[in-house]
Amino acid sequence: MAGVKALVGLSFSGAIGLTFLMLGCALEYYGVYWPLFVLIFYILCPIPHFIAKRVSDDTDAASSACRELAYFFTTGIVVSAFGMPIILARVEAIKWGACGLVLAGNAVIFLTILGFFLVFGRGDDFSWEQW
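Here the structure is a predicted model, which is why all the values come from computation and not from measurement. (Residues numbered from 1 in each chain as written. Predicted model: local features only at pLDDT ≥ 70, side-chain atom pairs only at ≥ 80, totals over all residues. Heavy atoms only, no water.)

## Some words on the overall build of the protein
The criterion, for reference: Helix numbering and strand numbering both begin at the N terminus, where a helix is a DSSP run of H or I of at least 4 residues and a strand a DSSP run of E of at least 2. For each residue, the accessible area found with a 1.4 Å probe, counting protein chains only, is set against the maximum for its type, and the residue is called buried under 20%, exposed over 50%, and partly exposed in between. The contact definition used throughout considers only heavy atoms, calling two residues in contact when any of these lie within 4.5 Å. Surface accessibility follows the Shrake-Rupley procedure with a 1.4 Å probe radius. Residue values consider only the protein chains on display as shielding.
When helices and strands are counted, the protein shows 5 helices and 0 strands. Taken from the N to the C terminus, the helices and strands of the protein come in the order α-α-α-α-α. A buried classification covers 31% of the 131 residues belonging to the protein. Long-range pairs, those at least 24 residues apart, make up 65% of the contacts in the protein with a sequence separation of at least 6. Of the roughly 8400 Å² of accessible surface on the protein, a fraction of 70% belongs to carbon and sulfur atoms.

Here it is as structure tokens:
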């Protein structure tokens, strides 16, 4: 039952993050939809982790080169997701208020993704592979 509560909580926080992103785009004062391109980064973020989990062996080593490379690529994706709205605001493609809402949405979404892997990434009975 604890896994279901965690799943509901993570889906709620994901909805809040996407609400921040949509507010940054859809409010009449801001009126541009360029910040929606950060959705690409949300999709790309877990892919290096999935690849590293499949490729690396399940030894009890403290770290492996494959896992470290996946962390590096994931960090680059997350930093790019935070940098893109700032660059768009800097070149005045979007307003700074929209940039703030998108950055808040980014923080919530990436913390949700992190929470998902912390809760469902262990090898317990209740894992994300069941979904």
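## Observations concerning a nonpolar patch on the surface
Worth spelling out the cut-off: Two joining distances apply to patches: 9 Å for like charges and 5 Å for nonpolar side chains (Val, Leu, Ile, Met, Phe, Trp, Tyr), and every residue must have over 30% relative accessible area and no salt bridge. By definition here, a salt bridge exists when the distance from a side-chain nitrogen of Lys or Arg to a carboxyl oxygen of Asp or Glu is within 4 Å.
Taken together, the side chains of W34, F37, I40, I43, L44, I47, I51 and V55 present a nonpolar region at the surface, about 780 Å² in accessible area. Looking at the nonpolar patch, the elements that each hand over two or more residues are α2 (38-44) and α3 (47-55). Note on placement: F37 falls in the loop between α1 (2-26) and α2. Classification of F37 as partly exposed rests on a relative accessible area of 41%.

## Some points on the UniProt feature "transmembrane region" (unreviewed entry) in the protein
What counts is decided by this rule: UniProt positions are given in the numbering used here, feature names are shortened, and annotations may be inferred rather than shown by experiment.
Residues annotated by UniProt as "transmembrane region" (unreviewed entry) correspond here to residues 6-25, 32-51, 71-89 and 101-121. Helix makes up 60% of residues 32-51 and strand 0%, and the two end C-alpha atoms of the span are 35 Å apart. Within the segment residues 101-121, helix and strand shares are 95% and 0% respectively, and the terminal C-alpha atoms sit 29 Å apart.

## Re the packing of α3 against helix α4 (residues 65-90)
Here is the rule we go by: Every axis in this analysis is a line fitted to C-alpha atoms, fitted for helices over the stretch in contact. Angles between the N-to-C directions lie between 0 and 180 degrees. Here the word oblique covers every angle except those under 35 degrees (roughly parallel), over 145 (roughly antiparallel) and from 65 to 115 (roughly perpendicular). Gly is placed with the polar residues, together with every amino acid not listed as nonpolar (Ala, Val, Leu, Ile, Met, Phe, Trp, Tyr, Cys and Pro) or charged (Asp, Glu, Lys and Arg).
Between α3 and α4, the shortest axis-to-axis distance is 8 Å and the interhelical angle comes to 175 degrees. When the interaxial angle is binned, α3 and α4 end up roughly antiparallel. Contact residues: α3 offers P48, H49, A52 and V55, while α4 offers C66, R67, A70, F73, T74 and I77. When grouped by side-chain class, the residues that make up the contact of α3 with α4 number 7 nonpolar, 2 polar and 1 charged.

## Brief notes about the nonpolar core
For clarity, the threshold we go by: Working definition of a nonpolar core: buried Ala, Val, Leu, Ile, Met, Phe, Trp, Tyr and Cys residues. They are joined through side-chain atoms within 4.5 Å.
By size, the foremost hydrophobic cluster in this structure holds 12 residues: L21, V38, F41, Y42, C45, I77, A81, V102, I109, F110, I113 and F117. Broken down by secondary-structure element, the contributors of at least two residues to this core are α2, α4 and α5 (96-120). When residues in this core are grouped by element, the largest group, 5 residues, is from α5. Not counting chain neighbours up to four residues away, the residues in contact with L21 comprise P35, L36, V38, L39, Y42, L101 and V102.

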